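Here is how the chains run, residue by residue.
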Amino acid sequence: MTRIIRLAIVILSLALSLVAQESGAAPLIVQPGAPGQPTKVLPATTRAVLAPVAVRDVEFMQGMIHHHAQAVEMTALIDDRTTNKELKLLGARISHSQAEEIRFMERWLAARGKPTSMAAKAASGGHEHHHMPGMEMKVDPIMMPGMLTPKQMDALSNAKGTAFDRLFLTGMIQHHEGALVMVQDLFGTAGAGQEAEIFNFATDVDSGQRAEIKRMQTLLGEEP
């Protein structure tokens, strides 16, 4: 079936739907047939169903939410610790973009009935923790690539002025480079990162954070 015929079917379907809406009848849902196959009129109760997603896609989104949350936490330290205007502008941009991306990832996971956080796993072996009655459950912190350690976060929180500026920039470069590793791992996994929304999102994360790394290297006086 040529593109012209398919386009004509879509236009006819829309026209019939408008007529149906104006007359109060249920709109027609038309499914163009494959080459050599007839077009089908589907029941009015037909609803779009999202295609199954790869486990790795879900893990990527859950891990990136956790990763982004630390970046937002880092930017929240800026106002009370430095007067560097360029750093403040950079931090505001990172905070806004990553908070928006967190909301997008949460919506993406919720639409697919998936939790927005990763299951806690043992540091070795990747096995999930199971709570035993009467025993205190100790959960290792989940560290995604590039995330600052608790010791690094403490040092950043306790720094002021130019010392803070340098720790923030070196820490955020480390953090962003970790996100690039996560994107690389996603696209390096067979069958993962192919769904349109996650492909576009991961690609945007890669290009956006590469640009910010160059900006931060310039602020540090380094050659990007």
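Refer to the structure printed above.
Residues numbered from 1 in each chain as written. Predicted model: local features only at pLDDT ≥ 70, side-chain atom pairs only at ≥ 80, totals over all residues. Heavy atoms only, no water.

A. Quick peek at the side chain of Q209. Position of Q209 relative to the elements: it lies in helix 6 (residues 196–219). Residue classification places Q209 among the buried positions, given a relative accessible area of 4%. Setting aside residues up to four positions removed in sequence, Q209 forms contacts with H68, Q98, H176, A179 and L180. (Helix = DSSP H or I, 4+ residues; strand = E, 2+ residues; numbered from the N terminus. Buried < 20%, exposed > 50% of the residue type's maximum accessible area, 1.4 Å probe, protein only. Contact = heavy atoms within 4.5 Å.)

B. Representation of helix 3 (residues 85–111) in the model. Helix length check: helix 3, at 27 residues, gives a terminal C-alpha distance of 39 Å against a target of 39 Å (1.5 Å per residue), a fit within 8%. Burial in helix 3 covers these residues: L87, L90, G91, I94, Q98, A99, E101, I102, M105, W108 and L109. Considering only its buried residues, helix 3 is in contact with helix 2 (55–75), helix 5 (161–187) and helix 6. Residue N84 occupies the N-cap position of helix 3, its side-chain oxygen lying 3.0 Å from the main-chain nitrogen of E86. Directly beyond the C-terminal end of helix 3, a positive phi value near 70 degrees is found at G113. (Expected span 1.5 Å × (residues − 1). Polar contact = N/O pair within 3.5 Å; in protein donor to acceptor, adjacent residues only side chain to side chain.)

C. Here's a closer look at the pattern of salt bridges. Scanning all chains against the criterion turns up 6 salt bridges. Of the charged contacts in the structure, one is a salt bridge between K88 and D79, with a shortest N-O distance of 3.3 Å. Overall, D79 belongs to the exposed group, its relative accessible area being 58%. Linking E86 and R215 is a salt bridge whose minimum nitrogen-to-oxygen distance equals 2.7 Å. Here the residue E86 occupies a position in helix 3, and R215 occupies one in helix 6, the gap between them amounting to 129 residues. By relative accessible area, E86 is classed as partly exposed at 43%. R215 gets classed as partly exposed once you look at its relative accessible area, which sits at 32%. A cluster of three or more residues bridged by salt bridges with shared partners is formed by R112, E195 and E197. (Salt bridge = Lys/Arg side-chain N within 4 Å of Asp/Glu carboxyl O.)

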